[in-house]
Amino acid sequence: MSAPYSDDPTDDGVLQALGYKPVLARRMSGFGNYAISFSVICPLAGCLTLFGFGLNTGGPAVMMWGWVIIGFLTLLVALSLAEVTSAYPTSGGLYYMAHQLGGPRWGWFTGWFNLLGLLGAIAGIDYGCALFVGAFANLQWGITPTPELTMWIFAGILLLHGTLNTAGVRLASILNSISVWWQVCGVALIIGALSLAPAEHQDVSFVFGQFENGTGFSSAVYVCMIGSLLAAYTFCGYDASSHLSEETKNAQIAAPRGMVRSVWTAWIVGFLLLAGLLFAIQDYAGTVATATGVPPAQIMLDVLGATTTKLLLLVVIVAQLFCGNAETAAASRMVYAFSRDGALPGSHLWRRVNRNSTPVAAVWASVGVALLIALPSLYSPTAYAAVTAINVIGITPAYIIPVYLRRRHSARFTPGPWTLGRWSGPIGWTAVAYVIVITIVFCLPQASPITVSSFNYAGVTALAMIILAAAMWKVRGKSQNYKVPTLGNIDEQTEFTRSVL
């Protein structure tokens, strides 16, 4: 059914027309809403964590051109999703949109994919940050980053993010705003240092034309496809603007605008960062096989020396901490919203807010599940790849379901004040086609021969998500536990959202 026009044009009036009583504190500005999505995308985290993957899977040419192409297509997805967000600015985000446009079953499966993807993202981001902290400790103090030590660092980072997010959305907004400038200035600092150092630099033909294949596959086309995943893995998380919309002022404009702006600014920043690192490579084979385990760190060591490298690694680590903190905020709002509609076991706990209008229980549930998701990494490096798969294979399909339903059921959809107009159809269907293709590519083998350690677990992860969502649908979704309010009927929502911890 279509989004209703509200007699009350205020943010709370629009939310009540969507069926929800205002509970969360609306203290986030438009810039803060943009900042949380940019912080989650975090080019300093995604580009650097996956840099070694890119060097081995197509090399500089695929890294650069893949970033350009995937960035553009991701922008189309963000534009299409932003249009739907403007009509349905709720903390539930994607699943609420899918429910209103396609019905309960569409909403349920979208919600579970989105939720698991967000929780997997916390685990992937914070565990990746722990790996960088371990690399810094090795350079600074000679400490060997064992799996046990990495897990303790990871747990400490989760504790930090849980604590920060219990302080309320105002602190989260401030930290995310700082994060934007930290990342932009950090990228400028890294590029400037690598460019001005008295070392030889690669030429343009190398950065934009050098093809390297360390995958074991013979098809260049196939390698280009899987190599483009560096960008696809990085461009995740811009739905955070939607999940924080109930805490954003002028949400029908600010949330979609923040979503789109986060993608195109990250597109530019990431392009410059990748180019700066590739121009500075001194020894390609040595960079790929670096003893640090972090190829960008090896590039910095070769060009800048140990002291400057350690300082720049600290810049990257702080950016990753900002990224994980923003992702925790987004995931906790999804936990809160899904529980508000009775979808999760223990919903009566996770849907509560404290006196500061913050879903504290949902915050700790989010970091707790993230810890459990990453625990297998203590015993197998392959498990981290599976954690990354949970993120991308959950979030990416969830992005496109509301867009697909909006196009399929156009008569049910009344645009909000932020709309694509006559471009909505061409951009929307192009976005749908792209996500279908990239989701298939996510599941393809990425190295040959295929072994237990090189196997791509994305397809298995997707199947497990579908089975879990289907099982939970039978247990809770089809019962009276799960109930998304009818548009305009706020009386259907129970009073639990006003309960206080």
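Residues numbered from 1 in each chain as written. Predicted model: local features only at pLDDT ≥ 70, side-chain atom pairs only at ≥ 80, totals over all residues. Heavy atoms only, no water.

**Concerning the overall build of the chain**
At step 1: Check the secondary structure of the chain and you find 22 helices and two strands.
At step 2: Compactness check: the chain gives a C-alpha radius of gyration of 22 Å against a globular reference of 23 Å for 501 residues, within 12% of the reference.
At step 3: Along the first, second and third principal axes, the C-alpha set of the chain runs to 65 × 45 × 40 Å.
At step 4: Burial status across the chain gives 61% buried among its 501 residues.
At step 5: When contacts within the chain are restricted to residue pairs at least 6 apart in sequence, long-range pairs at least 24 apart make up 84% of them.
At step 6: Total accessible area computed for the chain in this model is approximately 18300 Å², and 66% of it derives from carbon and sulfur atoms. (Helix = DSSP H or I, 4+ residues; strand = E, 2+ residues; numbered from the N terminus. Rg over C-alpha atoms; globule rule 2.2 N^0.38 Å. Buried < 20%, exposed > 50% of the residue type's maximum accessible area, 1.4 Å probe, protein only. Contact = heavy atoms within 4.5 Å. Areas by Shrake-Rupley, 256 points an atom, 1.4 Å probe, with all protein chains shown as cover.)

**What to know about the nonpolar core**
At step 1: In this structure, Leu44, Tyr88, Trp112, Ile190, Leu194, Tyr238 and Phe338 are the most contacted members of the largest nonpolar core, which totals 152 residues.
At step 2: Of the residues forming this core, the biggest block, 17 residues, is contributed by helix 7 (residues 104-141).
At step 3: Apart from residues no more than four positions distant in its own chain, Ile190 is found in contact with Leu44, Leu273, Leu277, Met300, Leu312 and Val316.
At step 4: Counting residues in hydrophobic clusters, the runner-up holds nine residues, among them Met28, Ala240, Leu244 and Ala326. (Core = buried A, V, L, I, M, F, W, Y, C linked by side-chain atoms within 4.5 Å.)

**So, the packing of aromatic side chains**
At step 1: Throughout the structure, instances matching the rule amount to 27 aromatic pairs.
At step 2: Plain terms: the ring middles of Tyr34 and Phe38 are 5.9 Å apart, the flat faces sit at 40° to each other, and that makes the pair tilted. With a gap of four residues between them, Tyr34 and Phe38 both fall in helix 2 (residues 30-41), about one helical turn apart.
At step 3: Owing to a relative accessible area of 4%, Tyr34 belongs among the buried residues under this scheme.
At step 4: Each residue in the set Tyr95, Trp108, Trp112, Phe338, Trp473 and Tyr482 is aromatic and connected to the rest through ring pairs, giving one cluster.
At step 5: A cation over a ring is seen here: Arg261 above Tyr34, with NZ or CZ 4.3 Å from the ring centre.
At step 6: Cation over ring: Arg340 sits above Tyr20, and NZ or CZ is 3.7 Å from the ring centre. (Phe/Tyr/Trp six-rings, centres within 6.5 Å; stacked < 30°, edge-to-face > 60°. Lys NZ or Arg CZ within 6 Å of the ring centre and 35° of its normal.)

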